[in-house]
Amino acid sequence: MLTDIALSEQLDAQRDDRLRILIAGAGVAGITLASLLRTQGLHPVLIERMPRMEHPGYMLALMPTVDPALKDIGVHDEYLARSSPLSRYAFRSHRGRTLRTDDLGALLALHGDYQGIERGALLDVLTARGCPVSFGTTITAVGGDVVFSSGERSAFDLIVAADGIHSRTRDLLDVGEVSTVDTGWAGWVTWSDAVGDDPALGEELWGDGLFLGVYPVKDRVGIFLGGPVDDLTIGPSAFAARVRESAPGIGSRLDSALDAVTADPDPYLWPLTDVRAERWVDAGRSAVLLGDAASGFLPTAGIGAGMAMDSAWMLGRMLAHADRASLAAVLAEWERVEKPRVESAQSNSRLLATLMFRRGKVVAWLRETAMRVMTVKAVLGPIIRLIAEQPDPDAAATAVLRRRAEARLS
Ligand SMILES: Cc1cc2nc3c(=O)[nH]c(=O)nc-3n(C[C@H](O)[C@H](O)[C@H](O)COP(=O)(O)OP(=O)(O)OC[C@H]3O[C@@H](n4cnc5c(N)ncnc54)[C@H](O)[C@@H]3O)c2cc1C
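Residues numbered from 1 in each chain as written. Predicted model: local features only at pLDDT ≥ 70, side-chain atom pairs only at ≥ 80, totals over all residues.

### Describing the site of the ligand
Our working definition: The criterion for a residue being near a molecule or strand is a backbone-placed C-beta atom within 6 Å of that molecule or strand. Helix and strand definitions follow DSSP, with helices as H or I runs of at least four residues and strands as E runs of at least two, each counted in order from the N terminus. Side-chain classes follow a simple rule in which Ala, Val, Leu, Ile, Met, Phe, Trp, Tyr, Cys and Pro form the nonpolar group, Asp, Glu, Lys and Arg form the charged group, and the remainder, Gly included, forms the polar group.
Lining the immediate surroundings of the ligand are 35 residues, of which Gly25, Gly27, Gly164, Gly291 and Gly304 lie closest. Of all the elements in the fold, those that place two or more residues in the shell around the ligand are helix 2 (28–39), strand 4 (59–62) and helix 9 (304–319). Per element, the largest residue contribution to the shell around the ligand is four residues, and it comes from helix 9. Considered class by class, the residues forming the shell around the ligand number 19 nonpolar, 11 polar and five charged.

### Brief notes about the sheet that holds strand 12 (residues 153–154)
So the rule is basically this: Strands are treated as partners if at least two bridges between them are detected by DSSP.
On the basis of which strands lie adjacent, the open sheet formed by three strands has the order 10-11-12 and antiparallel pairing. Edge positions in the open sheet fall to strand 10 (139–142) and strand 12, since each of these has one partner strand only. Where strand 11 (residues 146–148) lies against strand 12, two bridges are found, and the strand directions are antiparallel. The residue of strand 12 that forms the bridge with Val146 is Ser154.

### Description of the domain arrangement of the chain
To keep it simple, the criterion reads: By convention here, the domain bounds are inherited from an automatic or database domain assignment. Two residues form a contact once the distance between their C-beta atoms, set from the backbone, is within 7 Å.
Segmenting the chain into domains produces domain 1 (2–84 + 113–180 + 275–409) and domain 2 (182–273). For domain 1 and domain 2, the distance between their C-alpha centroids amounts to 28 Å. Taken residue by residue, the interface counts 21 residues in domain 1 and 21 residues in domain 2. Across the side of domain 1 that touches domain 2, the residue classes tally to 11 nonpolar, five polar and five charged.

### Quick word on the sheet that holds strand 4
To be explicit about the condition: To obtain each axis, a line is fitted to C-alpha atoms, and for helices this fit is confined to the stretch in contact; angles are then taken between N-to-C directions over 0 to 180 degrees.
Spatially, 4-8-5 is the arrangement adopted by the three strands of the open sheet, whose pairing is antiparallel. The open sheet is flanked by strand 4 and strand 5 (84–85), the only strands paired with a single partner. Sheet analysis places strand 4 next to strand 8 (residues 115–118), joined by four bridges and oriented antiparallel. Within the sheet, the bridge partner assigned to Ala61 lies in strand 8 and is Gly116. Of the strands in this sheet, strand 4 and strand 8 touch helix 6 (residues 119–126), which is tilted by about 95° from strand 8.

### Quick look at the environment of Trp206
Considering the arrangement of structural elements, one finds Trp206 in strand 16 (residues 201–206). For the pair Trp206 and Ser154, spaced 52 residues apart in sequence, the C-alpha separation works out to 50 Å. Contacts of Trp206, omitting those with residues within four sequence positions, involve His94, Phe211, Met356, Ala364 and Arg367.

### Describing unusual backbone geometry
For the record, the criterion: Burial in this document is a count-based property: other C-beta atoms within 10 Å of a residue's C-beta are tallied, and the residue is buried at 20 or more, exposed at 12 or fewer, or partly exposed in between, with C-beta positions derived from the backbone.
In the Ramachandran plot, Asp219 falls in the positive-phi region, its phi being about 65° despite a non-glycine side chain. Among the secondary structure elements, Asp219 is positioned in the loop between strand 17 (211–217) and strand 18 (220–228). In this structure, Ser286 takes a positive phi of about 50° despite not being glycine. Mapped onto the secondary structure, Ser286 falls in the loop between strand 21 (281–282) and strand 22 (287–289). A tally of 18 C-beta atoms within 10 Å means that Ser286 is categorised as partly exposed.

### Some details on the environment of Ala90
Examined against the element boundaries, Ala90 turns out to sit in strand 6 (residues 88–92). The class for Ala90 is partly exposed, based on 18 C-beta atoms found within 10 Å. Along the backbone, Ala90 and Thr101 are 11 residues apart, and their C-alpha atoms lie at a distance of 4.2 Å. Apart from residues no more than four positions distant in its own chain, Ala90 is found in contact with Thr98, Thr101, Leu201 and Glu203.

### Observations concerning the nonpolar core
Keep this limit in mind: As used here, a nonpolar core is made of buried Ala, Val, Leu, Ile, Met, Phe, Trp, Tyr and Cys residues. They are joined through C-beta atoms within 7 Å.
Grouped together as the largest cluster of nonpolar side chains are 116 residues, with contacts concentrated most on Ile23, Leu33, Val160, Ala161, Leu290 and Ala312. Among the elements that make up this core, the one with the highest residue count is helix 9 (10 residues). Counting only domains with at least three residues in this core, you end up with domain 1 (2–84 + 113–180 + 275–409) and domain 2 (182–273). Contact partners of Leu290, with chain neighbours within four places excluded, come to Ala29, Leu33, Val160, Ala161, Ala162, Ser311, Ala312 and Leu315.

Next comes the structure, spelled out in structure tokens:
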């Protein structure tokens, strides 16, 4: 559970820590890192811009890249209890017909769990052993000291900007160019209790200028209904009617999903843009970017949170080996090892976006022809390789420390 405490109390608690770490952003990445560091006896100061936890809930499909972090924090069983297996994935044509159903669970089982969970439930699970946070707090300046929005200031050995895709903390750091891909699409996100006959089935309809996805979490399904931004100005009800007209074969489960979008008085509208920072480490300020602040993802491969937790786990485990003297070298090594992994997953999401977010019946037909012949293993190949090749953070950190020791001796 997240406990809201005064910033001064958090600063007091960490006074004697081996490393004084500040984490800005109590989201998926920030909380994963804070909880991991707490298992090592550290007291990272965690701050969150929002006055309380009231983030619009949405569904997350989590790849096995998250398992090591959850196991290290000691909450993997809670995670399985609060999530739903995502065993099967169905691809539907632009007319709504199911073209193929793949056994994703079996494909990924070799590497771990593939689960659907509400974002709020994930944050509950990650903080099950307790996690202090100061809500309503941001960083306003990073110089010798960090200055907070409350006017308080303090020095830290490491600042972690984990404040999401629109990170403001990133703007205070020197991380080079921050580039973005804007698909020109957006989508409404909402929930439905109509889980259907197969509660472990995720489904996606890739249409002509529209996209409808249904993703199971525990006891309900998350829904995403998207299209080109200009087309969405007609509003959710009219857009849902357009989907029904162009895809008459969607069946009762997807029909209920459209009803849910229509019935939601204020569905969350998600603009489909991403972000990539040129550098993750600002050595001068001893600061790093983590999660979406470093590489924010398009939703196409469903792996943004998976990679954010992967990066947080790598960083947290590597920091277990660091002290003030070796910190800079360990951070540089973390960036060297982790950044290419995350960026290759992001490139995969960008590539899939060029397939998915396209208008035109001919494009839809070509996409469906390709999806008929391609195996899901081939489509997911790059992601599966990333999962299979998750690096060993302890080996990475100790190699750096050994190299430093050898350099000192020579
Ligand atoms: C609708 C939707 C569906 C998604 N589905 C999937 C999926 O199926 N699978 C998947 O792996 N990923 C998915 N993602 C992506 C995933 O949610 C993100 O990649 C992940 O949440 C990144 O974690 P983060 O901690 O970096 O950012 P966030 O989880 O966004 O957390 C950032 C936190 O920082 C806080 N903050 C912002 N500014 C400041 C500031 N200045 N100071 C302090 N705090 C601040 C925010 O309030 C927030 O709490 C989805 C995203 C969305 C929006």
